[in-house]
Amino acid sequence: MYQRKLALALALEEGESNARRVWVHEVIQRREQFGAFYTLVNELRFDDSQFTAYFRLNKVQFEKLLEIVAPSIIKQHTNYRKAISPDERLCICLRYLATGDSFRSVAFSYRVGVSTVAGVVKQVCEAIWDCLQDTYMPVPDAAEWRRIAADFNNLAFPNCLGAMDGKHVVIEAPPRSGSLYYNYKGTFSIVLLAVVDAKYRFRLVDVGAYGKNSDGGTLAASAFGAALRRGSLDIPEDSPLPGAEHLGAMPFVFVADEAFPLRKNIMRPYPGHTAGEKRAFNFRLSHVRRIVECAFGILATQWRVYRRVLCVSPEVAESIVKATCILQNFMRWDNDTIPRPAPTAEPSFGLLSTPRLGSNNATRDAVAVREAFAAYFSSPAGRVHWQEGRH
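The protein chain appears in an unreviewed UniProt entry as DDE Tnp4 domain-containing protein from Coilia grayii. Listed in UniProt under the heading Subcellular location (unreviewed entry), the comment for the protein chain reads: "Nucleus". Looking at the Sequence similarities (unreviewed entry) heading of the UniProt record, one finds this comment for the protein chain: "Belongs to the HARBI1 family."

Here is the structure:
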């Protein structure tokens, strides 16, 4: 008798447990009726301005991006559940990048699981980078470097291949990482090192360096820095500056701030208080170097994920940064205008400047190159009227 009562009680308890165990939550089951993709997004398709405000891409750009990445993010249906479509996956990822909302907030909006959002963001960001890199961020060859230099020549800095800088992307402290990601501002971060052309497009990026590194240290440890030292970047042969053949052939250079070392192919400002030729050089270098600061500002304004701490692993944070950088190129690739750089404020909490810890151990060749540029900018052939007015 007692054994039968015990067996009945266990059966009832097991039945109640099974009743509480649900394969798909009822909220998620109504995704196709009330989820944002099936309701709000469908309404936004009739208003391009609202669609752009929601996803940061207009409808034409969205459809083009979907066509490119869809084969890499499609999933098969199973006997147990229907797979999320590629366009809904892209919507989830873009909305996360555009707002920086938590995975849980995006999950409630689209009526999917939190772990689903996390997986979708990681997968789609990786697909965006893999599918777009060859077209929208190819490593420039000699001919492309010359086209980039021609654009910078229109901004009064000839033989310039790009503006270079680094930014800290603030992340949640990774477990058991010690002080590797701990930066000078007391937060945890990975470093984005970028070279930007005159049209605010990222031409080279290196993402994922430890937050404790300075710009100079990040450059030295990066693939870009190693290629620059080896001379394997296919940089064009030295060329005379316009109207200054008497100076001889000058190398093509990247412009940077005081955080970077002075090298034959990297120009940084003269330190301290300057006057005359040095002051003119610093002003002209600052004029074009602000382009990379503007590019970072555009990035943080366009993708507000940078306005918050990224609560993801460093590996996922790296995928997010690479995806947003190449999306900026994707959106600006066909823009042939060269806007004049404007001063920018610190773009966001989640995107911090790197410390000024550059090396002063420059070679004689590097010093000679900087002095030649300084002399050129103060000569009749290289002077521009606005550099005098701003002194």
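Back to the write-up after that little detour.
(A) Main features of the packing of aromatic side chains. Applying the stated criterion to the full structure yields 20 aromatic pairs. Linked through ring pairs, Phe157, Tyr270, Phe281, Phe373, Tyr376 and Phe377 together constitute an aromatic cluster. Looking at Arg201, its charged tip hangs above the ring of Trp333, at a distance of 4.7 Å from the centre. The aromatic ring of Tyr270 is capped on one face by Arg370, whose charged end is 4.1 Å from the ring centroid.

(B) The pattern of salt bridges, seen in detail. A complete count under the given rule lists 15 salt bridges for this structure. Linking Asp197 and Arg203 is a salt bridge whose minimum nitrogen-to-oxygen distance equals 2.9 Å. The same class applies to Asp197 as to Arg203, namely buried. Salt-bridge contacts for Glu293 lead to Arg289; the nearest nitrogen and oxygen are separated by 3.5 Å. Placement of the pair is Glu293 and Arg289 together in helix H13 (residues 276-302), with a separation of 4 residues, close to one helical turn.

What counts, and where the lines are drawn
Residues numbered from 1 in each chain as written. Predicted model: local features only at pLDDT ≥ 70, side-chain atom pairs only at ≥ 80, totals over all residues. Heavy atoms only, no water. UniProt positions renumbered as here; feature names shortened; annotations may be inferred. Phe/Tyr/Trp six-rings, centres within 6.5 Å; stacked < 30°, edge-to-face > 60°. Lys NZ or Arg CZ within 6 Å of the ring centre and 35° of its normal. Salt bridge = Lys/Arg side-chain N within 4 Å of Asp/Glu carboxyl O. Buried < 20%, exposed > 50% of the residue type's maximum accessible area, 1.4 Å probe, protein only. Helix = DSSP H or I, 4+ residues; strand = E, 2+ residues; numbered from the N terminus.

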